[in-house]
Amino acid sequence: MGRTDIGPPDFHEMLPDVIKKNYGTWKYHEIPRPGVLKHVAESGDTVYTVRAGSPRLVSVDFIRDICDIADKHCDGHLRFTSRYNIEFLTPNEKNVDLIIADLKKLGLPVGGTSPGISNIVHTQGWIHCHSAATDASGLVKAIMDEVYEHFVETKLPNHVRIAVGCCINMCGAVHCSDIAVVGVHTKPPRPDHDRVVAQCEIPTTIQSCPTGAIRRHPDQSMKSVVVKEDLCMYCGNCFTVCPAMPLADAEGDGVAIYVGGKVPNARKPPMFSRMVIPFLPNRPPRWPEVVQAVKKIVDIYAANAKPYERVGEWIERIGWEAFFRRTEIPFTEQHIDDFTHAVETYRTTTQFKW
Amino acid sequence: MGRTDIGPPDFHEMLPDVIKKNYGTWKYHEIPRPGVLKHVAESGDTVYTVRAGSPRLVSVDFIRDICDIADKHCDGHLRFTSRYNIEFLTPNEKNVDLIIADLKKLGLPVGGTSPGISNIVHTQGWIHCHSAATDASGLVKAIMDEVYEHFVETKLPNHVRIAVGCCINMCGAVHCSDIAVVGVHTKPPRPDHDRVVAQCEIPTTIQSCPTGAIRRHPDQSMKSVVVKEDLCMYCGNCFTVCPAMPLADAEGDGVAIYVGGKVPNARKPPMFSRMVIPFLPNRPPRWPEVVQAVKKIVDIYAANAKPYERVGEWIERIGWEAFFRRTEIPFTEQHIDDFTHAVETYRTTTQFKW
Amino acid sequence: MADETPLLDELEKGPWPSYVTEIKRMAKKNAAAKDLLGIQEQSYKDRVTHWKHGGIVGVTGYGAGVIGRYCDSPEKFPDAASFHTMRINQPAGWFYTTKSLRTICDIWEKYGSGMTNFHGSTGDIILLGTTTENLQPCFDTLTEAGFDLGGSGSALRTPAGCVGQARCEWSNIDTLGLIHDLTMEFQDEIHRPRWPYKFKIKASGCPNDCVAAIARADFTIIGTWRDALRIDQAAVQEYVKKGLDIQELVVRRCPSEALVWDAKTQELKLLVDDCVRCMHCINVMPKAVRPGIEKGATILVGGKAPIIKGAYLSWVLVPFMKVEPPYDEMKDLLRKIWEWWDENGRTRERLAELIERLGFKTFLREMGLKPVPQMVKYPRSNPYVFFDR
Amino acid sequence: MADETPLLDELEKGPWPSYVTEIKRMAKKNAAAKDLLGIQEQSYKDRVTHWKHGGIVGVTGYGAGVIGRYCDSPEKFPDAASFHTMRINQPAGWFYTTKSLRTICDIWEKYGSGMTNFHGSTGDIILLGTTTENLQPCFDTLTEAGFDLGGSGSALRTPAGCVGQARCEWSNIDTLGLIHDLTMEFQDEIHRPRWPYKFKIKASGCPNDCVAAIARADFTIIGTWRDALRIDQAAVQEYVKKGLDIQELVVRRCPSEALVWDAKTQELKLLVDDCVRCMHCINVMPKAVRPGIEKGATILVGGKAPIIKGAYLSWVLVPFMKVEPPYDEMKDLLRKIWEWWDENGRTRERLAELIERLGFKTFLREMGLKPVPQMVKYPRSNPYVFFDR
Ligand code: SRM
Ligand code: SRM
Ligand code: SRM
Ligand code: SRM
Ligand code: SF4
Ligand code: SF4
Ligand code: SF4
Ligand code: SF4
Ligand code: SF4
Ligand code: SF4
Ligand code: SF4
Ligand code: SF4
């Protein structure tokens, strides 16, 4: 019998010596080159960090590979970042090159420091989730291949945080990312009446719908539900509570792109990402339309934003009308909010650009 | 029998010659002194405007008085502004002093030009409206007496538009004024059951309530309504559709103060006024608490805002927390929005001042 | 009826002209005005209004233009027991000949209390206080003299516009011509209420919006231009020479960073595409900067006060419309809006509230207008998107 | 089961490390991993997921920590027919010894597919794919080795914090110490779901918010300081000498105009009261500017993804709280919040949605907190105000 409620290991056991010693007394840092951080403590001690990209969905052998590097150069310690990258810490400057060389052998890129593009926060997709409207890992691979230069270099105006959510549950900080790629359904659920009876609580199912699109089946004997299709915006919330209402559909499912979100309080307060492309088709294995759209937005941002401007800050300065004009993305009905606080998004001023 | 649908007189008949001649070809203007405008046309023609304050609620003899001045110096023409001021136009610079002298005789102040305080946009109050929670004309008189210097001089950072609405119907641009004084009820309506039966449509009355506070009277035989008092926010909408539900109350009625609204698109887009004092008592004839509150806000704004900053722009720059600190106005539960889009007003950032 | 008005007397002190003095002037010769004074004193004492809900009163053929009003103490104030107001449609821009004003004064002295508002906050001349019997003869005499009633109730309200091209160098449209034309065209809509609620039209010649249209009109017309504003560099230098801190007070306050001041060449450069035509630089330097040449208006919809769903500022519907007589494009749009609103609106539901309830998308489709980014501050953030498939 | 994966093979091309390569590595020696590859290829062909809703599976004594998952084509992919994931609570800050990692690898190679996420987006180690039978023995072995499950379902989710004082000079609080302490304190809340819905806690050491707490946590802890940030003028001059355009890139971008650069004295002045501690000047000049000395945290509440009422960013609840062991003030607040939410929340109603439904005022009263202006962007504009009288 396992022990319960022991909680995670105490992090103190996991810390390298230089970290333990200088805990809470770091003084400043430098980024001597992309993917390498140098932190200096009040004591004068220095720690170098080499950051490497990871596909996140990895085998145990991958973990063993990186452990080998940490054993060789980092006294058997390593850490992961909040964006899945691997960090190798060492007080010894000479180890930096050795670590990088070993990472190269494994085919792992060194980078992810600002101002560039770090790893993509993402989710399960077709690998594990029943809700998925697209795959996450595949989109990430295809996009990272395309923007790779920005991972290994730091030449953007500020960092660009990309996130992929495989459905609108948006596991991750998708709704506040510079560029967010979100799997979307665009066809209403199809209640499987036999299974609804067996697997679903009808009142809960009806209540789950944010737009009130679900009604009791008009034929009382059916003990099932129907969907008023014109009220459905395919959120999948009903599917979460009632598995007998699948929405997934090869043609109907695809990808939407949101831009301009951010999390830090630096300069402008945190911002939500905003929808700019309502739908692109699912085209595995490499989703060319999605990849090109992301690339184009990154390129135009890179060429036009001022230093330190995040994507959202840049767009706020130039105006959304200029964003749509420059990216040549068509503006449609779908862009105009029609949910609860929609009216707060209407332009209540004559200030705009042509 | 009168003619119908003849509409207003054609404005062309009303225009002074210099205006008719230079219509649409004005080139620039100057404000040679407070209350006097000088407009120069492409033709080289010039028109001087002398602007005088008016209590708005005036007798026909008052109108005749000002007509006398216009006959004497302005070839029998005059106009009113969108804020009730009277404008005397003349192509003849020498007439300016004569007009001012005659206005002085009538006791009418010359001024109202920017950057100062112009006339107060206001409403009926106890003079004529059944909805009034306060008097408008009296408040206006009391406030204008106090800020008089800003009408006849132009020494503020930008103009400060003051408005008075005698109930929350806010007749006027009250909701977008630098300083808005609004009559408020703070006690629920008291249905007069006998009159409800006679004068009101019950379903309409129930529907009129934005918060659903009105219910059918539990005693079916009553054919009246009851008010769930904890759901009532005293908007008076029910009273508008059902006269048998009065809210007016000598103790409960009073005045709220809103600040920071603006209408022009200059610099920042138009802004709503925001509530800063939820309630001050009705103390006719001079509402000393209200007058002092307005004065204090004007003074602190005058001392601290940068040139061209409107009240709302100034507050946005320093932060609302600094506004409350500097004005020593207490911040209460009432300040926090709890209506439909309340959640959009919560501070979703760590950016704030202590 | 009170002859003593100790509370109101306090309001005759101080430098600002006193409305109490005005009532007293009339009270000397007009019984209704005298009772009005008494009622007001009573309210100051009791701290509540003494007016009751108005009944339906009016003139033959119209449903609008008169606000009925009765005192709640007719026994005490018999001469103001009924005290209705008449709303008289002002001439566009509030210009008058003294002759026309004197005519109104004479009529009102005869038929009413002699008290007025110049003007009401919608823009009408408000003739304050008459009896039910006097309404029709007063109206007849007024129309003889060329004046008509304005709007009230669930009707088109009296349109209003800023002084515009009559005296303002910045006006991009002829607000007076436009307002007069619309008022004449829609006489029926003004005088015969038949809609779910009130509807207001206001026009300002430029984005300074001197009639506060964006805050107060369901249909807001604001003059603007499509090309570049015009800069007279010599005049700019003149301002700078006279001590204007152009960098701090003009360039820095431009909301879209569209201006660059080159201190060396003393030149003010405009990044044309970046200008959002806010008017600030023009306001600060009226002799040096002026609007462009390709003029027209932005049409916005939905402005209103708080009742019922909260206050709204108008929002962009048509970024640019040419505004020239006979204003057909605008009139067509107005008619389309009214038709849709009339068909779908609930009682006491203003246009903004209806659009919010049924969706801006639906409204655009009904108007036959294409969505453009200028309509929104920013695109949606939520993923709750409808597709028609 | 497919041996050919032409679609997935495409994803082995290109410079970014490939997850397909990773699955293939395991597929060679693990049947479940091999079927996972097949299922994924199938999804790439069909463009839909092949996973069904999970049933309720778990380990004895816990209701959380395992996500049940079944394939919809068990006949084709028998070895991944059931493919549950286990969420393992990461050590605070995601630091590991290689020894501990190798232990996890060995256990997972024995009991599961050998595929993992390092890490899940809440922060757990995700062990991806095992059978119902293997759950308990796997869990037993993991706890032997010192690892426990994290949260799932309507429970407290595994808390997470940024690297903080372990390696960041800006951290105003000990995020690792705090997160570990809270995690240990609330083991029961993590492992035994009993609330209306999920609840997340995240802590960042400063307003840069490197765990995106404000967007993703119902209870957001962000380090800050109450006094003045510290400026080393010599170091500032060093940056300027090296070519930093301090006026344009630092002073001008300060959101509250709190900085003044005196080019003559080469001094960077701070208007202490105006600083909103956004971090920008510190970020640009890490050697010259640092946070103040009186450290603590701002507590914000309500962050979440779009389901059901839309996404929320956390908003300020407590502008400043000292954050020191044993963190009693914070724990008390958390317990009060849970109690209120548990009592009042509907099923699948997150904290933000409940507060929105019942009112921020009600929430504040229940928490015993006083309203302060820091809680709002601006006071209300509507006049729909309640008074308790
Ligand atoms: C290691 C990590 C924390 C951790 O606990 O794992 C981290 C570490 C640092 N962050 Fe971060 N940030 C980390 C995730 C984040 C996140 C969260 C995320 O991306 O999901 C954010 C907020 C998300 C966003 O930006 O929308 C974040 C926003 C920042 C910012 C603000 C940038 C801005 O101007 O908007 C800074 C300041 C800067 O870069 O100058 C910063 C700065 C830093 C510094 C310089 C802090 C320091 O002195 O050590 C660290 C190195 C930065 C670098 O990579 O260039 N960090 N940083 C995370 C590395 C993620 C990665 O692998 O790429
Ligand atoms: C595994 C993980 C994604 C990943 O690949 O990393 C994940 C996976 C799922 N999430 Fe999530 N969520 C995961 C982090 C998040 C996050 C990010 C975070 O916690 O910081 C969010 C956004 C923040 C938030 O909670 O609001 C998130 C917001 C959701 C939501 C929407 C919740 C909302 O209130 O809007 C759902 C829907 C639901 O609960 O029914 C959801 C539901 C789900 C479910 C359980 C699917 C479902 O509908 O029942 C997914 C199971 C997938 C599977 O089969 O493995 N997941 N989910 C993440 C947890 C890993 C971990 O423990 O470390
Ligand atoms: C006469 C009048 C129009 C009319 O049709 O009656 C008018 C006339 C002028 N306005 Fe106005 N405005 C008039 C009401 C308004 C209003 C409406 C209101 O107050 O309800 C506004 C918008 C309300 C607000 O500001 O919130 C208004 C906002 C402006 C502004 C923008 C100021 C700003 O920076 O925010 C300017 C520009 C300026 O003053 O530099 C302006 C400028 C002007 C100029 C300079 C235009 C010109 O070139 O002739 C005129 C003289 C200004 C002055 O009085 O100093 N006018 N002006 C109105 C005089 C009202 C009065 O008696 O005081
Ligand atoms: C006379 C006037 C105030 C004044 O002293 O100037 C006025 C007086 C009344 N208004 Fe008004 N409104 C007047 C301009 C306005 C304005 C300003 C404007 O039109 O630019 C507004 C704000 C703009 C708007 O329409 O949203 C305004 C917003 C209201 C409202 C709230 C409407 C809303 O949708 O929020 C009501 C309530 C109602 O309609 O039931 C209202 C209702 C009323 C009523 C009819 C009272 C009622 O509940 O039935 C008042 C009659 C008072 C009386 O006994 O004389 N009045 N009212 C203004 C009309 C004079 C004129 O024709 O020139
Ligand atoms: S985003 Fe949706 S599909 Fe993706 S893991 Fe989360 S719940 Fe599943
Ligand atoms: S998908 Fe969403 S909107 Fe459509 S029926 Fe289900 S819950 Fe309702
Ligand atoms: S604001 Fe209210 S009380 Fe005043 S006139 Fe308008 S409706 Fe009447
Ligand atoms: S005053 Fe307003 S909130 Fe109160 S009962 Fe009447 S309509 Fe409802
Ligand atoms: S709105 Fe513009 S055009 Fe009209 S008066 Fe004001 S400044 Fe002139
Ligand atoms: S009009 Fe406004 S936006 Fe255009 S240049 Fe002048 S200040 Fe800038
Ligand atoms: S949130 Fe602040 S303290 Fe934490 S790692 Fe990021 S920069 Fe450092
Ligand atoms: S921390 Fe931000 S707000 Fe404070 S001085 Fe620096 S840039 Fe300005």
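Quick caveat, the model's predicted, so the values are computed rather than measured. (Residues numbered from 1 in each chain as written. Chains lettered and ligands numbered in written order. Predicted model: local features only at pLDDT ≥ 70, side-chain atom pairs only at ≥ 80, totals over all residues. Heavy atoms only, no water.)

Novice: Teacher, can you tell me more about the overall build of chain C here?
Specialist: Tallying secondary structure elements over chain C gives 14 helices and 16 strands in all. Oriented by its inertia axes, the alpha-carbon framework of chain C measures out at about 75 × 65 × 40 Å. A sequence separation of at least 24 residues applies to 64% of the contacts in chain C between residues at least 6 apart. In the form shown here, chain C has an accessible surface area of approximately 13,100 Å², with 50% of it arising from carbon and sulfur atoms. Side chains of chain C give 51 positive and 50 negative charges; the mean places of these two sets differ by 3 Å. (Helix = DSSP H or I, 4+ residues; strand = E, 2+ residues; numbered from the N terminus. Contact = heavy atoms within 4.5 Å. Areas by Shrake-Rupley, 256 points an atom, 1.4 Å probe, with all protein chains shown as cover. Lys, Arg positive; Asp, Glu negative; His and termini not counted. Charge placed at Lys NZ, Arg CZ, Asp CG, Glu CD.)

Novice: Sorry, what's going on with the sheet that holds strand β7 (residues 162-165) of chain B here?
Specialist: Backbone hydrogen bonds hold the strands of a sheet together, and the pairing may be parallel or antiparallel. Residue and element names in this part refer to chain B. On the basis of which strands lie adjacent, the open sheet formed by four strands has the order β7-β8-β11-β12 and mixed pairing. Each having just a single partner strand, β7 and β12 (274-281) make up the two edges of the open sheet. For this sheet the average axis-to-axis angle between neighbouring strands, irrespective of direction, equals 20°. Here β7 runs beside strand β8 (residues 179-184); their pairing, made up of four bridges, is parallel. Counterpart to Val164 in the pairing with β8 is Val181. In the packing of helix α11 (residues 320-327) onto the sheet, contacts are made with β11 (254-259) and β12, and the angle to β12 comes to roughly 30°. (Pairing = 2+ DSSP bridges. Axes fitted to C-alpha atoms, helices over the stretch in contact; angles between N-to-C directions.)

Novice: Quick question: what am I supposed to make of the coordination of the iron atom of ligand 1 here?
Specialist: Tetrahedral coordination by four donors sets the ideal angle at the metal to 109.5 degrees; octahedral coordination by six donors sets it to 90 or 180 degrees. Among protein atoms, the single one acting as a donor to the iron atom of ligand 1 is Cys210(D) (SG), 2.3 Å away. Along the chain, Cys210(D) falls in the loop between β9 (201-204) and α8 (213-216). (Donors = N, O, S within 2.8 Å, 3.2 Å for Na, K, Ca; no water.)

Novice: For this particular structure, what's the right way to read the interface of chain A and chain D?
Specialist: Quite often, the size of an interface is put as the accessible area lost when its parts meet. Listed by partner, the interface residues are 117 residues for chain A and 117 residues for chain D. Carbon and sulfur atoms make up 61% of the surface buried where chain A meets chain D, a total of about 10,100 Å² over both sides. Broken down residue by residue, the surface that chain A buries against chain D is led by Trp126(A), His128(A) and Lys141(A), which jointly contribute 7%. Linking chain A to chain D there are 11 salt bridges. A salt bridge links Asp65(A) to Arg25(D), with the nearest nitrogen and oxygen atoms 2.6 Å apart. (Buried area = accessible area lost by both parts, 1.4 Å probe. Salt bridge = Lys/Arg side-chain N within 4 Å of Asp/Glu carboxyl O.)

Novice: For this particular structure, what's the right way to read the site of ligand 7?
Specialist: Surveying the vicinity of ligand 7 reveals the residues Thr123(B), Gln124(B), Cys129(B), Ser131(B), Ala132(B), Cys166(B), Cys167(B), Asn169(B), Met170(B) and Cys171(B). A per-class count over the shell around ligand 7 returns six nonpolar, four polar and no charged. (Near = heavy atom within 4 Å. Nonpolar A, V, L, I, M, F, W, Y, C, P; charged D, E, K, R; others polar.)

Novice: Honestly, the packing of helix α2 (residues 60-73) of chain A against helix α2 (residues 19-27) of chain D in this entry has me stumped. Any pointers?
Specialist: The angle between the axes and the distance between the axes are what describe a pair of packed helices. Remark: α2(A) packs on α2(D), axes separated minimally by 8 Å, with the N-to-C direction vectors making an angle of 105°. Compared by their axis directions, α2(A) and α2(D) come out roughly perpendicular. Residues Val60(A), Asp61(A), Phe62(A) and Asp65(A) of α2(A) touch α2(D), and the partners they reach there are Glu22(D), Arg25(D) and Met26(D). Residues that form the contact of α2(A) with α2(D) fall into these classes: three nonpolar, no polar and four charged. (Parallel < 35°, antiparallel > 145°, perpendicular 65-115°, else oblique.)

Novice: How do you make sense of the sheet that holds β9(D) when you look at a structure like this?
Specialist: All names here are of chain D. Strands sit in the order β8-β9-β10-β15-β16 across an open sheet of five strands; the sheet is mixed. At either margin of the open sheet sits one strand with a lone partner, and together these are β8 (160-161) and β16 (315-321). Docked against the sheet, helix α6 (residues 175-185) engages β8, β9 and β10 (219-225), running at close to 165° with respect to β9.

Novice: How should the state of the cysteines be read in this particular structure?
Specialist: Summed over the entire model, instances satisfying the criterion amount to two disulfides over all chains. Two residues share a disulfide in this structure: Cys200(A) and Cys242(A), whose sulfurs sit 2.1 Å from each other. Across the disulfide from Cys200(A) to Cys242(A), rotation about the S-S bond amounts to roughly 75°, and the bridge is consequently right-handed. With Cys200(A) in the loop between α5 (193-199) and α6 (202-208) and Cys242(A) in the loop between α7 (237-241) and β11 (254-259), this residue pair connects regions lying 42 residues apart in the sequence. Cys105(C) supplies the cysteine sulfur nearest to Cys138(C), a cysteine that is in no disulfide, at a spacing of 12 Å. (Disulfide = S-S within 2.5 Å.)

Novice: What exactly am I supposed to notice about the pairing of strand β12 (residues 274-281) of chain A here?
Specialist: Consecutive side chains along a regular strand alternate between the two faces of the sheet. Residues and elements named next belong to chain A. Along β12, seven of the eight residues are buried, which leaves the element largely enclosed by surrounding structure. Direction of pairing for β11 relative to β12: antiparallel, over a ladder of five bridges. Bridge pairing in β12 places Tyr258 opposite Met275. (Buried < 20%, exposed > 50% of the residue type's maximum accessible area, 1.4 Å probe, protein only.)

Novice: Looking at this model, I keep getting lost on the pattern of salt bridges. Mind explaining?
Specialist: For side chains of opposite charge, pairing can occur when their charged atoms come near one another. Scanning the model with the defined rule gives 116 salt bridges over all chains in all. Here Arg64(B) and Asp61(B) are joined by a salt bridge, their closest N and O atoms 2.9 Å apart. Linking Arg64(B) with Asp61(B), this pair stays in helix α2 (residues 60-73), spanning three residues, or about one helical turn. The pair formed by Arg64(B) and Asp61(B) is uniform in burial state, with each residue classed as buried. Arg365(D) serves as the salt-bridge partner of Glu333(B), at 2.6 Å between the closest nitrogen and oxygen. A residue pair is termed interchain when its members come from two chains, as with Glu333(B) in the segment after α11 and Arg365(D) in helix α14 (residues 360-367). Through salt bridges that share partners, Asp5(A), Asp188(D), Glu189(D), Arg192(D) and Arg194(D) make up one connected network.

Novice: I keep staring at the domain arrangement of chain C and nothing clicks. Help me out?
Specialist: Under the domain assignment, chain C is made up of domain 1 (6-144), domain 2 (160-225 + 295-367) and domain 3 (230-290). Relative to domain 3 of chain C, the C-alpha centre of domain 1 of chain C lies at a distance of 48 Å. (Domains from an automatic or database assignment.)

Novice: Explain the interface of chain A and chain C to me, please; I cannot follow it from the model alone.
Specialist: The interface is formed by 43 residues belonging to chain A together with 47 residues belonging to chain C. Viewed at the interface, chain C and chain A are joined by five salt bridges. Note that Asp337(A) is salt-bridged to Arg380(C), the shortest N-O span being 3.7 Å. Applying the counting criterion to the chain A and chain C interface returns 24 residue pairs in polar contact (both at pLDDT 80 or more). Across the side of chain A that touches chain C, the residue classes break down as 21 nonpolar, 11 polar and 11 charged. (Polar contact = N/O pair within 3.5 Å; in protein donor to acceptor, adjacent residues only side chain to side chain.)

Novice: Explain helix α3 (residues 31-46) of chain C here, please?
Specialist: Given 3.6 residues to a turn, an α-helix orients residues that are three or four positions apart in the same direction. Its 16 residues give α3(C) an end-to-end C-alpha distance of 22 Å, which sits within 8% of 22 Å, the value for a rise of 1.5 Å per residue. Burial within α3(C) is extensive, with 12 of its 16 residues counted as buried. Those residues of α3(C) not exposed but buried are Ala32(C), Ala33(C), Asp35(C), Leu36(C), Leu37(C), Gly38(C), Ile39(C), Gln40(C), Glu41(C), Gln42(C), Ser43(C) and Tyr44(C). Looking at the buried side of α3(C), the elements it contacts are α4 (137-146) of chain B together with α1 (6-9), α2 (19-27), β1 (51-52), β3 (70-71) and β6 (115-118) of chain C. Two or three places before Ala32(C), at the start of α3(C), stands the capping residue Asn30(C), its side-chain oxygen 2.8 Å from that residue's backbone nitrogen. (Expected span 1.5 Å × (residues − 1).)

Novice: What's the story with the site of ligand 3 in this structure? I'm lost.
Specialist: In the region of ligand 3, 33 residues are neighbours, and Arg51(B), Thr81(B), Arg83(B), Ser118(B) and Cys210(C) sit closest. Residue Ser118(B) places a side-chain N or O atom 2.5 Å away from an oxygen atom belonging to ligand 3. Listed by contribution, the elements that provide at least two residues to the shell around ligand 3 are β1 (26-33) and β2 (36-41) of chain B. The residue makeup of the shell around ligand 3, split by class, is nine nonpolar, 13 polar and 11 charged.

Novice: Quick question: what am I supposed to make of the pairing of β9(D) here?
Specialist: All names here are of chain D. Of the two faces of β9, both are covered, the one formed by Ile201 and Ala203 as well as the one formed by Lys202 and Ser204. One ladder, built from two bridges, connects β8 with β9; its direction is parallel. By the bridge assignment for β9, Gly161 is matched with Ala203. Pairing between β9 and β10: four bridges, direction parallel.

Novice: Help me understand unusual backbone geometry, please; the structure alone is not making it clear to me.
Specialist: Trans peptide bonds make up the majority, and among non-glycine residues the majority have a negative phi. Geometrically, the link from Phe118(C) to His119(C) is a cis peptide bond, its omega value of 5° lying close to zero. For His119(C), the location among the structural elements is in the loop between β6 and β7 (125-130). Of note, the amide linkage connecting Pro325(D) to Pro326(D) takes the cis form, showing an omega dihedral of 5°. Note that Pro326(D) resides in the loop between β16 and α12 (328-344). Backbone geometry at Arg56(A) places phi at a positive 70°, although glycine is not the residue there. Considering the arrangement of structural elements, one finds Arg56(A) in the loop between β3 (46-52) and β4 (57-59).

Novice: How should the packing of α2(C) against α3(C) be read in this particular structure?
Specialist: All names here are of chain C. Contact geometry for α2 and α3: axes closest at 7 Å, N-to-C directions at 140°. Of the possible angle classes, the one that applies to α2 and α3 is oblique. Considering the relative orientation of α2 and α3, their crossing is left-handed. On α3, the residues that touch Tyr19, Val20, Ile23, Lys24, Met26 and Ala27 of α2 are Ala33, Lys34, Leu36, Leu37, Gln40 and Tyr44. Of the residues contributing to the contact of α2 with α3, the split by class is nine nonpolar, one polar and two charged. (Left-handed = near helix turned anticlockwise from the far one by under 90°.)

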